[in-house]
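What the coordinates show
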Amino acid sequence: MQTVVIGLQWGDEGKGKIIDYLVKAAGYHTVVRYQGGPNAGHTVRYNGSDLVLRQLPTGVLTCGVKSVMGNGMVIDLGVLVEEKNELGVRGFTLDASRLVISDRAHVILPSHLEMDVWEEKSRTVGTTKKGIGPAYMTKAQRTGVRMCDFASSDLRSKIDLLVERNKFFAGIDLDPAEIFDKQSHWYEIVKSYIADTGHLLRQEIKSGSSVLFESAQGTMLDNDHGTYPYTTSSSPTVGGVMIGTGVPLRHHKVVGIAKAYTTRVGEGPFPTEMKGADGALLRDLGQEFGSVTRRPRRCGWFDAFQVRYAVDVNGADEIILTKLDILSNQQKIWVGTGYMLNGVALESMPASASVLDQVSVSYKKFDGWTTPISRVRKFKDFPDNAKKYVDALERMLDVHISHVSVGKETEEIVTR
Ligand code: GDP
Ligand code: IMO
Ligand code: MG
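First things first, this report covers the structure right here in the doc. Predicted, not measured: the structure shown is a model, and the values here were computed from it. (Residues numbered from 1 in each chain as written. Chains lettered and ligands numbered in written order. Predicted model: local features only at pLDDT ≥ 70, side-chain atom pairs only at ≥ 80, totals over all residues. Heavy atoms only, no water.)

1. Concerning the overall build of the protein chain
Rules: Secondary structure elements follow DSSP: runs of H or I of four or more residues count as helices, runs of E of two or more count as strands, with numbering from the N terminus. Both definitions apply: the radius of gyration is a C-alpha atom measure, and the globule rule equals 2.2 Å times residues to the power 0.38. Only protein chains enter the accessibility calculation, which uses a 1.4 Å probe. A residue is then buried if its area is under 20% of the maximum for its type, exposed if over 50%, and partly exposed in between. The contact criterion used is simple: two residues touch if any of their non-hydrogen atoms lie within 4.5 Å. All accessibility values rest on the Shrake-Rupley procedure with a 1.4 Å probe; residue burial counts only the protein chains present in the view. Residues scored as positive are Lys and Arg, those scored as negative are Asp and Glu, and His as well as the terminal groups of each chain are ignored. Charge coordinates come from a single atom per side chain, which is NZ of Lys, CZ of Arg, CG of Asp or CD of Glu.
Looking only at helices and strands, the protein chain has twelve helices and 20 strands in total. Computed over the C-alpha atoms, the radius of gyration of the protein chain is 21 Å, within 12% of the 22 Å expected from 2.2 N^0.38 for a compact globule of 416 residues. Principal axes of the C-alpha set define a box for the protein chain whose edges measure 65 × 50 × 35 Å. When burial is assessed residue by residue, the protein chain has 57% of its 416 residues classed as buried. Looking at the protein chain alone, contacts between residues at least 24 apart form 76% of all its contacts between residues at least 6 apart. As presented, the protein chain carries roughly 17400 Å² of accessible surface, and 50% of it is formed by carbon and sulfur atoms. For the protein chain, the separation between the mean place of its 50 positive charges and that of its 49 negative charges on side chains is 3 Å.

Pasting the structure below:
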């Protein structure tokens, strides 16, 4: 069984919670992150409190599951050591049978972090400033540092070159010797996890292991299919899996995660955004603040036109709808159903962010419900208007909504 779990909006759909649920409920052997890095923040509940995973796959929290950090990731070794220590404090020991890191994954260095801050001064994307864009940039330029480079004698010269380029392009002055020492120190701590993960995964799949591929970010942040240039520098969509792991997908299932409303952090178009008091109310109700950066998330209504696009891009076989509980007590709930430009209905998602900024959205209105739903475990027990809302979204998206998440705890979920 190969399952790909994808965010269908702009990230923070609740992937962490749902992957934790799926891993426990369906008993996957292996969980693989295939792109992104510490820009992600995947929240999982553990012993009654939040645990936010940034680079480690969500599988690390379940005994007997192997977690793999694929070649498509960009990894900050300092953050990784921090995450490992934090898990240690919570009683998890990560030996090499539980965590494997690709020898081909790229490493985020201080030169990338500084460059991310510098780039943001000239073109504002509102990045997480974790060095993601610059690390993928040096990967494409073929000047990046990979995990396997730590075992070779030319690591120092690669760092020298990156530091030299930072100085030339941006006047950023860094000490290559200090970077070399610090990175080498962190590398020693995680060295035992590093392996050829592509080979390992291909062998595991041949021997019948079930694998869940965990995306970070979401479809609308994909650098090709999202709201470019207000995107991240990787491919969170299903196409990123094969490139980011070295595994050919066969007979796989794609599970799309969508929030019952929409959020976005950072700059860029957001057609169904609610500016002002209504958006602020939804932000407070949903506690919509970045899991890592704590930045307030922009909030708006569910956008069926946008999610339908994400379903098509990824070939989603089913959808898990999250945070429906947050919509309780809304008198009216609106859903974006289509985009109009100069009075003409659009058939597909516009390529240009400035065009997307100009579209007007057609909405459908739904009546709300007042009964709390977090304790509900059967779909038939939902208030009628909540059932109508979910049924209507399913019809608009033309994909089965298999589960509805009604709270942050792993077990607060309804199977349909
Ligand atoms: P991810 O990046 O997609 O893993 O999502 P985040 O962890 O950044 O943000 C989702 C937030 O919503 C986290 O605080 C979760 O604990 C919380 N959450 C997830 N599902 C639900 C749900 O169904 N209801 C409520 N109330 N909170 C949820
Ligand atoms: P998870 O995995 C929400 C956004 C940033 C910014 C843009 C580019 O938790 O869903 P980057 O640092 O990647 O160059 O920033 O992408 N962004 C996210 N938004 N959730 C995330 O991850 C995000 N990762 C990046 O806010 O707009
Ligand atoms: Mg998140």
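We are not done yet, so read on.
2. A look at the site of ligand 1
Rules: Note on terminology: near, applied to a residue and a molecule or strand, indicates that one of the residue's heavy atoms is within 4 Å of it. Two N or O atoms count as a polar contact when they lie within 3.5 Å, although within protein this holds only if one can serve as hydrogen donor and the other as acceptor, and sequence-adjacent residues are included solely when both atoms are side-chain atoms.
Near ligand 1 lie 18 residues; those nearest to it are K15, T43, S291, D325 and S405. With respect to ligand 1, the backbone of G14 contributes an N or O atom lying 2.9 Å from an oxygen atom. Here an oxygen atom of ligand 1 sits 2.5 Å away from a polar atom, N or O, in the side chain of S405. Within the complex, the protein chains bury 93% of what would otherwise be the 580 Å² of accessible surface of ligand 1.

3. Some points on the pattern of salt bridges
Just so we agree on the cut-off: Every case where a carboxyl oxygen of Asp or Glu lies within 4 Å of a side-chain nitrogen of Lys or Arg is listed as a salt bridge.
The full count for this structure, using the stated rule, is 24 salt bridges. Of the charged contacts, one joins E13 and K15 as a salt bridge, the two residues approaching to 2.9 Å between their closest N and O atoms. One exposure class covers both E13 and K15, and it is buried. K24 serves as the salt-bridge partner of D20, at 2.5 Å between the closest nitrogen and oxygen. Of this pair, D20 and K24 both sit in helix α1 (residues 15-26), four residues apart, which is roughly one turn of the helix. Each member of the salt-bridge network shares a partner with another, and the members are D12, K259, E288, R297 and K323.

4. Some words on the site of ligand 2
Convention followed: The residue classification treats Ala, Val, Leu, Ile, Met, Phe, Trp, Tyr, Cys and Pro as nonpolar and Asp, Glu, Lys and Arg as charged. All others, Gly included, are polar.
Taken together, 21 residues are adjacent to ligand 2, and K15, H42, T128, T232 and R295 come closest. Note that an oxygen atom of ligand 2 is positioned 2.7 Å from one of the side-chain N or O atoms of H42. Looking at the shell around ligand 2 residue by residue, the class counts come to seven nonpolar, eleven polar and three charged.

5. Considering the nonpolar core
Put simply, the test is: Residues belong to one nonpolar core when they are buried, are Ala, Val, Leu, Ile, Met, Phe, Trp, Tyr or Cys, and are joined through side-chain atoms within 4.5 Å. Each domain's extent is set by a domain assignment, obtained either automatically or from a database.
Counting residues in hydrophobic clusters, the biggest one holds 51 residues, and the most contacted among them are V4, F213, F302, L324, L327, F382 and Y389. Within the residue set of this core, elements represented by two or more residues are β1 (2-7), β10 (211-214), β11 (252-259), α10 (304-314), β15 (318-322), β16 (332-341), α12 (384-397) and β19 (400-405). Here this core gets six residues from one element, more than from any other, and that element is α12. No fewer than three residues from each of domain 1 (2-102 + 194-255) and domain 3 (258-415) sit in this core. In this structure, L324 is in contact with A260, W369, I373, F382, A386, Y389, V390, V404 and S405, ignoring residues within four places of it in sequence.

6. Remarks on the packing of helix α3 (residues 110-122) against helix α5 (residues 155-170)
Our working definition: Each axis is a line fitted through C-alpha atoms, taken for helices only over the stretch in contact, and angles between the N-to-C directions span 0 to 180 degrees. Every angle not falling under 35 degrees, over 145, or within 65 to 115 is termed oblique; those three ranges are roughly parallel, roughly antiparallel and roughly perpendicular. Here a crossing is called left-handed whenever its near helix is offset anticlockwise from the far helix by less than a right angle, and right-handed whenever the offset is clockwise.
Where α3 meets α5, the axes come as close as 10 Å, and the angle between the chain directions of the two elements is 15 degrees. As the angle between them shows, α3 and α5 are arranged roughly parallel. In this structure, α3 meets α5 at a crossing whose hand is left-handed. Contacts from S111, H112, E114, M115 and W118 in α3 reach L162, N166, F169 and A170 in α5.

7. Examining α10
Those residues of α10 that sit buried are A304, F305, Q306, V307, A310, V311 and N314. Summarising the contacts, the buried residues of α10 are in contact with β1, β11, β14 (302-303), β15, β16 and α12. Regarding α10, its N-cap is D303, as a side-chain oxygen of that residue lies 3.2 Å from the backbone nitrogen of F305 further along. G315 lies just past α10 and shows a positive phi near 60 degrees.

8. Some words on the coordination of the magnesium ion (ligand 3)
Formally: Counted as donors are the N, O and S atoms within 2.8 Å of the metal, or 3.2 Å for Na, K and Ca, while water is not among the atoms, so some sites may look incomplete.
Looking at the magnesium ion (ligand 3), one finds its protein donor set to be D12 (OD) and G41 (O), positioned 2.1 to 2.3 Å from the metal centre. Pair noted here: D12 is in the loop between β1 and α1 and G41 is in the loop between β2 (30-33) and β3 (42-46), with a separation of 29 residues, a long-range link. By relative accessible area, D12 is classed as partly exposed at 23%. Of the residues examined, G41 reaches a relative accessible area of 13% and is grouped as buried.

9. Structural notes on the pairing of strand β5 (residues 66-69)
Defined as follows: DSSP bridges decide pairing: two strands pair if at least two such bridges lie between them.
When β2 meets β5, the two strands line up parallel, connected through four bridges. By the bridge assignment for β5, R33 is matched with M69. One ladder, built from three bridges, connects β5 with strand β7 (residues 99-102); its direction is parallel. Bridge pairing in β7 places V68 opposite V100.

10. A word on the pairing of β16
Along a regular strand, successive side chains alternate from one face of the sheet to the other. Pairing geometry for β14 and β16, over two bridges, is parallel. Paired with F302 across the bridge in β16 is V335. In the sheet, β16 pairs with strand β18 (residues 360-367) via eight bridges, with the strands oriented antiparallel. Opposite I333, over in β18, you have F366 as the bridge partner. Between β16 and strand β17 (residues 344-345), which follow one another and run antiparallel, lie two residues, and N342 among them has a positive phi close to 50 degrees.

11. Digging into helix α2 (residues 77-89)
Spelled out, the test is: One fewer than the residue count of a helix, multiplied by 1.5 Å, yields its expected span.
In this model, α2 (13 residues) spans 18 Å end to end at C-alpha, consistent with the 18 Å of a helix rising 1.5 Å per residue. Of the positions making up α2, those classed as buried are L77, G78, V79, L80, V81, E83 and L87. Here the buried face of α2 lies against β4 (49-53), β5, β6 (74-75), β7, β8 (106-107) and α6 (176-190). Of the residues that open α2, the one with a side-chain oxygen 3.0 Å from the backbone nitrogen of G78 is D76.

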